[in-house]
Structures are given as structure tokens and as C-alpha cells.
Amino acid sequence: MKQYTFPEGFLWGSAASAPQTEGASQKDGKAKSIWDYWYETEAERFYENIGPEITSDFYHCYEQDIQRMKNIHLNSFRTSISWSRLLPDGTNVNQKAVEFYNRVIDTLLNQGIKPIINLFHFDMPMHLQEKGGWENREVVDAFAFYARTAFELFGDRVTLWTTFNEPIVPVEMGYLNHFHYPCVVDMKRAVTVAYHSILASAKAIRNYRELNRDGQIGIILNLTPSYPRSQDKEDVRAAEIADLFFNRSFLDPSVLGEYPSALIELLDEHQLLPHREKGDKELLRHNVVDFLGVNYYQPRRVKKKESAGSSQEGIMPEDFFDPYIWPERRMNPYRGWEIYEKGLYDIAVNIKQNYGNIPWYVAENGMGVANEERFMDQTGTIQDNYRIEFYEEHLKWLHQAIEEGSNCFGYHVWTFMDNWSWLNAYKNRYGFYRVNLKDRERILKKSGNWFKQVIDQNGLIVED
Ligand code: BG6
């Protein structure tokens, strides 16, 4: 048997978000987010017409759910606050929301589960989207106000905060593709959205530091290591550009306090630079994160541009490279994502070598599988061996990175219980607990028990 022991005090837990778990989307004074609005107006865009109204009903079941977390020995849990629940009109605090988040935080703490609280998980309040969302610079200040409000209300107990989860996703899905509202396809506008998101993150960090709370603040990024097809100069260049657009556009300003000059040059060359104001550079330079959360699901493989032409919508990131299908790739066929465990190690090495070995944790890693009821045994337990294997292989690479000095302090899976997904609703299930859609009953899967053992051992003990 081989033992993979993780550092003392390692955070073992899971991640979630308000819009994907809370439900009660129109209850107790919550205003509409873009998701509520979009579902109301175009329900057919949602998988099986299932929208965000109920999701996994955490709003009502949080107490039992936190007990379930405790049952499998999680020592930490990340979720988000819903901006449109806390500040329905952008200014006045909704007391019902304060009570709810207080109860969630206090219950977690009473159970010995460390809360990590995120502020933005793709859920722009609709009244701000109507003003242009992240395209409008006023929204940057609206976010800073919301962040300060949350720190003031909950910062006495929450000591780990993050400003954004995967801020590149609203850019990619909502402004480069029509997969998220507002379904715009325009790279210039996408760049502005990205730029304002990073300014918003920096302003929130500044507010947090001004309050002198005893805690730390970070950002959660989905880092997709970019691998070139070959070492050919043009393939390597294609991978560098993909890395600039999809990783370094948020990683560098968040951790190093400035954008890579290669990205600025590239955007400038194509007249894509956003409007900047005096003081922006200083704001970014002085408000870098204390730690990073890294969501890792899949790598990005690219080759030099071989296919013809640009899209009708003008220049797009894909004009600089083509996707490359590695003949040896293994896929999660349900989600259509490549499984490449070593990518996690490569991320750790990159953070160590190029980002000052900043403290970081795996903020999401997981495997969504459709029709999991196929794997249910006579006792009703889903035998999700594929998920256990997925986690084990990632943990081995993570362990190696830590052995080599990577400053990783935790591993959070996506996710604790099946939850609602933006595009796929409940098609692909990720949870340690199955959520039965008829009555929202939760049933522990085999992987939940497996994780409990991992936590008890503070690592893996597996056959050599
Ligand atoms: C991450 C997000 O990108 O991946 C989550 O932070 C999301 O919100 C998760 O649910 C899994 O992706 P999906 O699209 O299968 O739900």
C-alpha cells in the first residue's frame, strides 16, 4: 500500500454557489438575477426547462445539509452570497438575507466547518444588467459597495473570502458566445467586461483591507493549462496566446498586480483595449490577492491556426489558434471535457515558478456524470467508482506537487450534493449526495464515504 499524506490542517471540503443550490429565487425579498430573468423570458434555453427557482433547496435545508457535511467529516465549505438577495435594490440590505446567511455561517462554524465565502458566481443582479452589467463602470462601484456590506455583516466570523468565481466564464459564455445571458458575441465588449471584473475584484480587496478584518481575501480562477500540439514555434505561440486570453488575463492582475505586456500588445494591435482611467493601474498594483482558489476540470490543447477565416462577429480569440485533439486524450463523455490529472500538477508548478508560490487551494475539481441511477445497488447507494478514481488520480498529482514545495492548502470537490447547473440543470450529477428531484431527498453515494475516509486519514492510502 502507498500512503499520500497531506499537510497538517489541510482543508478538505466542497464548493457550491448560491444560484445553484439555494433555490427560493423569488422569496423573502430576493430580487432577480440575470438567471431568474432569463429563465422567465426564455425557459426553453434551459435543459429540460429546469430553471433556478428551486435548485437543491439549500435555502430551506441548509441545517440538515450542513449536518450531512459534518457526517462525512468535511472541515470546510465554500459557497457564495447572492448579491440580489442581500441587496435587492443595490443599496438597502435585505434583513431576511442577513438572517439566512448568518444562520448558514453560524451553523457551519458550530459544526466545525470553515466557511469560505465568495461574492460573485455568474449571478449579476438584473437591475444592474439593465444598466449594462460589467460593461458599465458604475457596476464596479456597486460591487465594491456590496462587497463592503458583506464584509461588515459577516466578516467577524468569515475569515476566508473570495471576490469572484471564474470571472472569465461570464466573459466567455456571455460576451464571446451566446451560452449565458446577455448572449452577446463581441470581443471588444468581452474585454471591457473582463477589465471591469478585475477592477471590481481589486476594489473589493481594497475595501476588505480598509476594514482591517482578521482574515484573507482571494479570487477563484478556472485555470486551464494550455498545451501546444508540438514544440513547433507556431504551435507554442498559439498555446501562449490561449494562455494569455484565458488564464493570464485574470491570473496576472490578481496575483502580480499587472497585466502581461504581451496581452496588452496583442489587444492593442487589434484595437481591443478597453477604456482605462487614471488610477486603475495603481488600484490593481496595490490590491493583489492573499491567496488563490483554482478550479480545475480540463486542459486546453491548441495548435497553430490552420482553419480558414474569422467569424462574422469580427475578431475572436479563436482567430489566433485552433483546438487540437490529442490522440491519447481521455474524455468525460457526459460533460465533453478531457480528463487530464497531471494538469493539476502543472498548474501547481506554474504557480510556484511564476506567481511567487502564493498560497492556493483547489477550489473545484469534479466529474459530472449523467444517469447515475444506473449505478445504484440494491441498497440504493450509487456506486460511483469512476468519481473515486477521478479524485484519487488528481490527488496523487496534487500530493506530488506539494511534496515538491507547492503551497497548496486545500482540496475542494465540486460538489457536496448534486446541484443545478447553468446549461445542464440536473443532467450531469457531481455530488457526494444524490439529490432526488421529486422530493429533494439526499442519498449518500459511495464517493461520499470514500471522501470521509480520505479526510480521516488526511490523504490517500492506496494500492501501489
Ligand atoms: C465550474 C463552476 O465552472 O464548473 C460551477 O464554478 C459549475 O458553477 C461547475 O457548475 C461544473 O460545470 P457544469 O457546467 O457541468 O455545471
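Cut-offs used in this document
- Residues numbered from 1 in each chain as written.
- Predicted model: local features only at pLDDT ≥ 70, side-chain atom pairs only at ≥ 80, totals over all residues.
- Heavy atoms only, no water.
- Buried < 20%, exposed > 50% of the residue type's maximum accessible area, 1.4 Å probe, protein only.
- Helix = DSSP H or I, 4+ residues; strand = E, 2+ residues; numbered from the N terminus.
- Pairing = 2+ DSSP bridges.
- Axes fitted to C-alpha atoms, helices over the stretch in contact; angles between N-to-C directions.
- Contact = heavy atoms within 4.5 Å.
- Near = heavy atom within 4 Å.
- Polar contact = N/O pair within 3.5 Å; in protein donor to acceptor, adjacent residues only side chain to side chain.
- Areas by Shrake-Rupley, 256 points an atom, 1.4 Å probe, with all protein chains shown as cover.
- Nonpolar A, V, L, I, M, F, W, Y, C, P; charged D, E, K, R; others polar.
- Salt bridge = Lys/Arg side-chain N within 4 Å of Asp/Glu carboxyl O.
- Phe/Tyr/Trp six-rings, centres within 6.5 Å; stacked < 30°, edge-to-face > 60°.
- Lys NZ or Arg CZ within 6 Å of the ring centre and 35° of its normal.

1. Description of the pairing of strand E6 (residues 216-222)
Note on strand geometry: in a regular strand, side chains alternate between the two faces of the sheet.
Logical step 1: Of all 7 residues in E6, 6 are buried, a share of seventy percent or more.
Logical step 2: Where strand E5 (residues 160-165) lies against E6, 4 bridges are found, and the strand directions are parallel. Bridged to Trp-161 within E6 is Ile-217.
Logical step 3: As paired strands, E6 and strand E8 (residues 291-295) are joined by 5 bridges and run parallel to one another. Along E8, the bridge assignment pairs Asn-222 with Asn-295.

2. Observations regarding the sheet that holds strand E2 (residues 11-15)
Logical step 1: Pairing in this closed barrel of 8 strands is parallel, and the strands run E2-E3-E4-E5-E6-E8-E13-E15 around the ring. Direction aside, the axes of adjacent strands within the sheet are offset by 25° on average.
Logical step 2: Lying over the sheet, helix H7 (residues 138-154) contacts strand E4 (114-120), E5 and E6, oriented at roughly 160° with respect to E4.

3. Points about the site of the ligand
Logical step 1: Contacts to the ligand come from 13 residues, most closely from Gln-20, His-121, Glu-166, Ser-421 and Tyr-430.
Logical step 2: Here an oxygen atom of the ligand and a side-chain polar atom of Glu-166 are 2.6 Å apart.
Logical step 3: With respect to the ligand, the side chain of Arg-335 contributes an N or O atom lying 2.8 Å from an oxygen atom.
Logical step 4: Its free accessible area being 380 Å², the ligand has 93% of it covered by the protein chains.
Logical step 5: By residue class, the composition of the shell around the ligand is 5 nonpolar, 5 polar and 3 charged.

4. Thoughts on the pattern of salt bridges
Logical step 1: By the definition in use, this model includes 32 salt bridges.
Logical step 2: With a shortest N-O distance of 2.8 Å, Arg-387 and Glu-372 are connected by a salt bridge. Note that Arg-387 is positioned in helix H14 (residues 385-403) and Glu-372 in the loop between strand E14 (369-370) and H14, a separation of 15 residues in sequence. Summarising the burial analysis for this pair, Arg-387 and Glu-372 share the class buried.
Logical step 3: Across the pair Lys-445 and Asp-418 runs a salt bridge, and its minimum N-O distance is 2.9 Å. Of the two residues, Lys-445 is situated in the loop between strand E18 (442-444) and helix H15 (446-457) and Asp-418 in the loop between strand E15 (408-413) and strand E16 (428-429); the sequence distance between them amounts to 27 residues.
Logical step 4: Judged by its relative accessible area of 0%, Lys-445 falls in the buried class.
Logical step 5: Overlapping salt bridges bring together Glu-372, Asp-384, Arg-387, Asp-418, Arg-429 and Lys-445 as one network.

5. A closer look at unusual backbone geometry
Logical step 1: For the bond running from Tyr-181 to Pro-182, omega is 15°, close enough to zero to count as cis.
Logical step 2: By the element assignment, Pro-182 lies in the loop between helix H8 (168-175) and helix H9 (187-210).
Logical step 3: In this model, Trp-414 is joined to Thr-415 through a cis peptide bond whose omega is 15°.
Logical step 4: Tracing the backbone through its elements, the reader meets Thr-415 in the loop between E15 and E16.

6. Notes on the packing of aromatic side chains
Logical step 1: As enumerated under the stated definition, the model contains 54 aromatic pairs in all.
Logical step 2: Taking 5.0 Å as the distance between ring centres and 85° as the angle between the ring planes, the aromatic pair formed by Phe-151 and Trp-161 counts as edge-to-face. With Phe-151 in helix H7 and Trp-161 in strand E5, this residue pair connects regions lying 10 residues apart in the sequence.
Logical step 3: Given the relative accessible area of 0%, Trp-161 is considered buried.
Logical step 4: When the centroid spacing of 6.4 Å and the interplanar angle of 50° are considered together, the rings of Phe-291 and Tyr-361 count as tilted. One end of the pair, Phe-291, is in strand E8; the other, Tyr-361, is in strand E13 (residues 360-364), and 70 residues separate them in sequence. Like Tyr-361, Phe-291 is buried.
Logical step 5: Through a chain of ring-to-ring contacts, three or more aromatic side chains come together here, namely Phe-6, Phe-10, Trp-12, Phe-390, Tyr-391, Tyr-411, Phe-432, Trp-450 and Phe-451.
Logical step 6: Sitting over the face of the ring of Tyr-340, Arg-301 holds its NZ or CZ atom 4.7 Å from the ring centroid.

7. Quick look at the sheet that holds strand E7 (residues 226-228)
Logical step 1: Strands sit in the order E7-E9-E10 across an open sheet of 3 strands; the sheet is mixed. Either end of the sheet is taken by a strand with one partner, and the two such strands are E7 and strand E10 (322-323).
Logical step 2: Where E7 lies against strand E9 (residues 300-303), 3 bridges are found, and the strand directions are parallel. Across the sheet, Ser-226 pairs through a bridge with Arg-300, a residue of E9.
Logical step 3: On the sheet, helix H10 (residues 233-256) packs against E7 and E9 and is oriented at approximately 170° with respect to E7.

8. Topic: the environment of Gly-343
Logical step 1: Along the chain, Gly-343 turns up in helix H13 (residues 342-354).
Logical step 2: Given the relative accessible area of 0%, Gly-343 is considered buried.
Logical step 3: With 117 residues separating them along the chain, Gly-343 and Ser-226 place their C-alpha atoms 9.3 Å apart.
Logical step 4: Setting aside chain neighbours within four positions, we find Gly-343 in contact with Pro-225, Tyr-227 and Tyr-296.

9. A closer look at H8
Logical step 1: In terms of burial, H8 is a largely internal element, 8 of the 8 residues being buried.
Logical step 2: Within H8, the full set of buried residues consists of Ile-168, Val-169, Pro-170, Val-171, Glu-172, Met-173, Gly-174 and Tyr-175.
Logical step 3: Contacts made by the buried residues of H8 are with E4, helix H6 (126-129), H9, E6, H10 and E9.

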